[in-house]
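Examining the three-dimensional arrangement
The chain contents come next:
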Amino acid sequence: MIMGDICTRRCPFCDVAHGRPNILDPNEPKHLAETVKNLNLKYVVITSVDRDDLKDGGAQHFADCIREIRQTSPETLIEILVPDFRGRADIALKILSQNPPDVFNHNIETVPRLYKAMRPGADYKHSLDLLKKFKHYCSEIPTKCGLMVGLGEVEAEVIVLLNDLKDYQVDYVTIGQYLQPSKSHAPIHRFVTLQEFKHYQTHGERLAFKNIWSAPLVRSSYFADRQYHGEAVPSPYMSE
Ligand code: SF4
């Protein structure tokens with residue numbers, strides 16, 4: 001995770017600290033690239049806190065990280081899991097298109113009805129637009145999107161959400177059970193049954209996403225390399 005550990009948003013399901021972030025570390029891209037090289041990573045997922053305090057939302061910092069990793073580890077595949085860049089999406093996407101990743105991931109998190117409560121400061125349609133607009137700049141690069149279930153949505157809403165992701169040309173999808181980080185976070189509304197997870201999986205396959213993983217322990221970047229390479233949800237953790 002880059003750009004510090006203090007987020008300018010306050011999503012009630014998330015355990016990241018919020019408040020006023022520190023200034024960016026200009027050496028972070030170099031240090032990150034060194035770490036990727038030292039660990040000999042073949043696939044890396046870079047994510048960040050939301051940085052509403054920055055004019056470009058932190059896009060240039062993401063791009064700098066990608067550029068540095070490409071220089072030191074040219075074989076490494078890079079996925080970025082980005083914030084919504086709300087209010088600055090065009091600037092951010094233009095910057096990222098100069099140093100694009102191999103996968104562009106942005107999590108929609110939940111259904112639109114729960115946005116006000118679960119994603120204050122965010123907007124469902126804006127997140128969809130961000131995913132589609134990225135394709136406008138980099139049509140060959142796949143997009144990816146994740147959501148949690150068990151937050152209060154109903155099955156029919158998730159099906160509509162999946163249809164929306166398809167309409168907005170998303171390639172990879174992850175669906176997992178929400179777990180409450182602490183008692184002060186949003187409560188778990190329900191534990192979704194395996195049957196329901198399978199329904200989402202089947203529906204996603206029918207929609208012909210490049211790949212969809214729907215199972216309780218699936219997370220946005222869990223086994224991201226395997227999903228990218230088209231593998232099925234790893235067992236035994238993800239199925240009956
Ligand atoms: S924007 Fe992301 S990091 Fe920030 S609180 Fe929400 S989920 Fe957590």
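Below is a short write-up of the structure. All of these numbers come straight from a predicted model, not from anything done at the bench.

**Focus: the overall build of the protein chain**
Scanning the protein chain from N- to C-terminus turns up 8 helices and 8 strands. The C-alpha atoms of the protein chain give a radius of gyration of 17 Å, which matches the 18 Å a tight globule of 240 residues would have. Each of the three principal axes of the protein chain carries a C-alpha extent, and together these read 45 × 35 × 30 Å. Here the protein chain, with 240 residues, has 40% of them falling under the buried criterion. Taking contacts inside the protein chain between residues at least 6 apart in sequence as the whole, the part at least 24 apart equals 75%.

**Overview of the site of the ligand**
Close contacts around the ligand come from Cys7, Arg9, Arg10, Cys11, Cys14, Val16, His18, Val49, Asp50 and Pro83, and that covers them all. In terms of residue class, the shell around the ligand is made up of 6 nonpolar, 1 polar and 3 charged.

**Description of the nonpolar core**
Ile46, Phe62, Ile69 and Val149 are the most contacted members of the largest nonpolar core, which totals 59 residues. Ranked by the residues each element gives to this core, the list is headed by helix H2 (residues 59–72), at 6 residues. With sequence-adjacent residues up to four places away left out, isoleucine 69 is seen in contact with Leu32, Ala33, Val36, Val44, Thr76 and Ile78.

**Points about the pairing of strand S3 (residues 43–47)**
Examined bridge by bridge, S3 and strand S4 (residues 77–81) share 5 bridges and lie parallel to one another. Paired with tyrosine 43 across the strands is leucine 77, a residue of S4.

**Focus: the sheet that holds strand S7 (residues 172–177)**
The strand order across the open sheet built from 6 strands is S3-S4-S5-S6-S7-S8, with neighbouring strands paired in parallel fashion. Among the strands making up the open sheet, the edge pair consists of S3 and strand S8 (211–214). Within this sheet the neighbouring strands show an average axis-to-axis angle of 20°, counted without direction. As judged from the 4 bridges shared by S7 and S8, these two strands associate in the parallel manner. The residue of S8 that forms the bridge with isoleucine 175 is serine 214.

**Looking at unusual backbone geometry**
Of note, methionine 3 is a non-glycine position whose phi angle comes to about 70°, a positive value. Within the secondary structure layout, methionine 3 lies in the segment before strand S1 (6–7). In this structure methionine 3 comes out as buried when scored by C-beta crowding, with 25 C-beta atoms within 10 Å. Even without being a glycine, alanine 208 presents a positive backbone phi close to 65°. Locating alanine 208 in the fold gives a position in the loop between helix H7 (194–207) and S8.

**Topic: the packing of helix H1 (residues 28–38) against H2**
Relative orientation of the contacting elements H1 and H2 amounts to 40°, with a least axis distance of 8 Å. Viewed along their axes, H1 and H2 adopt a mutual orientation that is oblique. Between H1 and H2 lies a crossing of right-handed hand. From H1, Pro29, Lys30, Leu32, Ala33, Val36 and Lys37 reach across to H2, where they touch Asp64, Cys65, Glu68, Ile69, Gln71 and Thr72. Looking at the contact of H1 with H2, its residues break down into 6 nonpolar, 2 polar and 4 charged.

Reading the values: rules and limits
- Residues numbered from 1 in each chain as written.
- Predicted model: local features only at pLDDT ≥ 70, side-chain atom pairs only at ≥ 80, totals over all residues.
- Helix = DSSP H or I, 4+ residues; strand = E, 2+ residues; numbered from the N terminus.
- Rg over C-alpha atoms; globule rule 2.2 N^0.38 Å.
- Buried ≥ 20, exposed ≤ 12 C-beta atoms within 10 Å, placed from the backbone.
- Contact = placed C-beta atoms within 7 Å.
- Near = placed C-beta within 6 Å.
- Nonpolar A, V, L, I, M, F, W, Y, C, P; charged D, E, K, R; others polar.
- Core = buried A, V, L, I, M, F, W, Y, C linked by C-beta atoms within 7 Å.
- Pairing = 2+ DSSP bridges.
- Axes fitted to C-alpha atoms, helices over the stretch in contact; angles between N-to-C directions.
- Parallel < 35°, antiparallel > 145°, perpendicular 65-115°, else oblique.
- Left-handed = near helix turned anticlockwise from the far one by under 90°.

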